[in-house]
Amino acid sequence: VPSELEAAKPILEKINEAGFEAYFVGGCVRDMILGQAIHDVDIASSAYPEEVKDIFEKTVDTGIQHGTVMVLDHGEGYEITTFRTESTYTDFRRPDSVTFVRSLSEDLKRRDFTINAFALSSNGDVIDHFDGLNDLKKKQIKAVGVARERFLEDALRMMRALRFASKLDFTIEDKTRAALKELAPNLEKIAVERIQVEFEKLLMGQAAGDALRDMVDVDLLGHMPGEKGMITAEHVSHLANLLDKKQPTTLPVAWLLYLGTASLSSEELSKELQGYKLSREIMGTVKRLAPIVQAPDKATVWDLYQVNDLSDSLLQALDILEVDEAVQTHVANTLRNLAIRSPRDLALNGGQLIKEGLATPGPALGNLLKQIEHAVVFNELDNNAEAIRAFTKEVE
Ligand code: ATP
Ligand code: MG
């Protein structure tokens, strides 16, 4: 048992001592069995939220309305969720209500995939009601129960199927795939923010190429956020082939590859970025680098100077895109050898030029500084005070 679970074992034991059941559930059990790193330790219990709060000294009501209480222990926070069932779904997204129950098996039934429906007891027994161990062996993503019913309940699960396939390098079981094909249009009922979370995990997964091909195959692509038809099957298939070989290590690069190389106009690209409700940082990176990754051989030293704060992202994207080696080397060298990285690096600033009587405040000064910056970046002017003084007198 990995140390993360070992450290949380006393929590299970304490709940057991109080007369309730408690188990590790969800991704942590799956990842333990696979021998993979564990992110968060989720605990499910027959104790109701108020009962959990009575057992532990320090708790926080992180999601008490759906049955989750956080227990603070040795500087760690553990989420304990009461066993629950989710009643009728009328909108393809959220259950109309959750009902707390005392039975583990009811709780496991509501989970999305067989490999996410394990429970692990404090004495190390794995509870596997849906043959998830067999699916782990077969490396397949299979819905718990009837796939089409599960996707009808919550359409986000369709995106989650692809993201787990990507993360684990698993295939999607036939009936689950058939249900994806049939119900893909329901993805449009789901909030963009929730799709974004799952799609980012898909893009960063080890089998992102396969997952993107699946996304095209079952036509979830046609129901993703953004405007219809902007991101084409051809683009996604091409990207999938590239991601088979090399993968992005950061989200801005992942989005740059997905949206920034799709031959969109800058207006179309802005719309797509907004459609996905991406962060300012990601939008900025994608917008600024898109023109360069689409035509890196045409990038001037000035173009590269403008994005030198994003050098790492740019070089990683060019590498994944298999841009001509000579072009990649040229871009890397240009970025590395820039005379300055920003106007602040100029040997003389506006204030100094005024003080020395070489310039007067006003719009002309801004213009002069731009000319100096330009000349220095293009290596037509050395970045030292003497050279800049001489240049200033010359252009007057
Ligand atoms: P990760 O390691 O990426 O966090 P995870 O399996 O822990 O993977 P979470 O999204 O954190 O995934 O969800 C925790 C668990 O809750 C899942 O393993 C699954 O059992 C259940 N779950 C989460 N979302 C859903 C959903 N939409 N429908 C059904 N069950 C879900
Ligand atoms: Mg998790």
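Note that the coordinates shown come from a computational prediction; the quantities given were computed from them, not determined experimentally.

Section: the overall build of the chain
Point 1. Per the secondary structure count, the chain includes 20 helices and 11 strands.
Point 2. The principal-axis extent of the C-alpha atoms belonging to the chain is close to 85 × 50 × 35 Å.
Point 3. Across the 396 residues in the chain, those meeting the buried criterion constitute 38%.
Point 4. Taking all contacts inside the chain whose residues are at least 6 apart in sequence as the whole, residues at least 24 apart take part in 63%.

A look at the sheet that holds strand β1 (residues 22–25)
Point 1. Taken in spatial order, the seven strands of this open sheet run β3-β4-β5-β2-β1-β8-β9, and their pairing is mixed. Edge strands, defined here as strands with exactly one partner in the open sheet, are β3 (59–63) and β9 (126–128). The mean inter-strand angle of the sheet, taken between neighbouring strand axes irrespective of direction, is 35 degrees.
Point 2. Two elements, strand β8 (residues 118–120) and β9, share three bridges in a ladder whose sense is antiparallel. When the bridges of β9 are listed, Leu120 appears paired with Val126.
Point 3. The sheet strands contacting helix α1 (residues 3–17) are β1, β2 (42–45), β4 (68–73) and β5 (76–82), and the helix crosses β1 at an angle near 150 degrees.

Digging into the site of ligand 1
Point 1. Around ligand 1, a shell composed of Gly26, Gly27, His39, Asp42, Arg111, Asp112, Asn116, Ala117, Asp154, Leu156 and Arg157 is seen.
Point 2. Of the residues belonging to the shell around ligand 1, the class tally is two nonpolar, four polar and five charged.
Point 3. Counting residues domain by domain, the shell around ligand 1 receives three or more from each of domain 1 (1–138) and domain 2 (140–229).

Considering the packing of helix α19 (residues 363–377) against helix α20 (residues 385–395)
Point 1. The N-to-C vectors of α19 and α20 enclose an angle of 125 degrees; their axes lie 11 Å apart at closest approach. With respect to α20, the axis of α19 lies oblique. Judged by the twist between their axes, the crossing of α19 over α20 is right-handed. Residue-level contacts link Leu368, Gln371, Ile372 and Ala375 of α19 to Ile388, Phe391, Thr392 and Val395 of α20.

Comments concerning the UniProt feature "domain: Poly A polymerase head" (unreviewed entry) in the chain
Point 1. This chain's UniProt record puts "domain: Poly A polymerase head" (unreviewed entry) on residues 22–141.
Point 2. The span residues 22–141 carries 23% helix and 33% strand; its end-to-end C-alpha distance comes to 26 Å.

A look at the nonpolar core
Point 1. Judged by nonpolar contacts, the single largest core of 108 residues is most densely connected at Ile43, Ala119, Met158, Ala165 and Leu220.
Point 2. Examining the composition of this core, we find that eight residues originate from one element, helix α7 (residues 156–168), more than from any other.
Point 3. When neighbours within four sequence positions are excluded, Ala165 is seen to be in contact with Ile141, Phe170, Thr171, Ile172, Ala207, Asp210, Ala211 and Asp214.

Some remarks on unusual backbone geometry
Point 1. A positive phi angle, close to 60 degrees, is found at Asp169, a residue other than glycine.
Point 2. Within the secondary structure, Asp169 is located in the loop between α7 and β11 (171–172).
Point 3. A positive phi angle is found at Asp219, which is not glycine, with a value near 60 degrees.
Point 4. For Asp219, the location among the structural elements is in the loop between α10 (208–217) and α11 (233–243).
Point 5. Judged by C-beta crowding, with 15 C-beta atoms within 10 Å, Asp219 ranks as partly exposed.

Calculation criteria
- Residues numbered from 1 in each chain as written.
- Chains lettered and ligands numbered in written order.
- Predicted model: local features only at pLDDT ≥ 70, side-chain atom pairs only at ≥ 80, totals over all residues.
- Helix = DSSP H or I, 4+ residues; strand = E, 2+ residues; numbered from the N terminus.
- Buried ≥ 20, exposed ≤ 12 C-beta atoms within 10 Å, placed from the backbone.
- Contact = placed C-beta atoms within 7 Å.
- Pairing = 2+ DSSP bridges.
- Axes fitted to C-alpha atoms, helices over the stretch in contact; angles between N-to-C directions.
- Near = placed C-beta within 6 Å.
- Nonpolar A, V, L, I, M, F, W, Y, C, P; charged D, E, K, R; others polar.
- Domains from an automatic or database assignment.
- Parallel < 35°, antiparallel > 145°, perpendicular 65-115°, else oblique.
- Left-handed = near helix turned anticlockwise from the far one by under 90°.
- UniProt positions renumbered as here; feature names shortened; annotations may be inferred.
- Core = buried A, V, L, I, M, F, W, Y, C linked by C-beta atoms within 7 Å.

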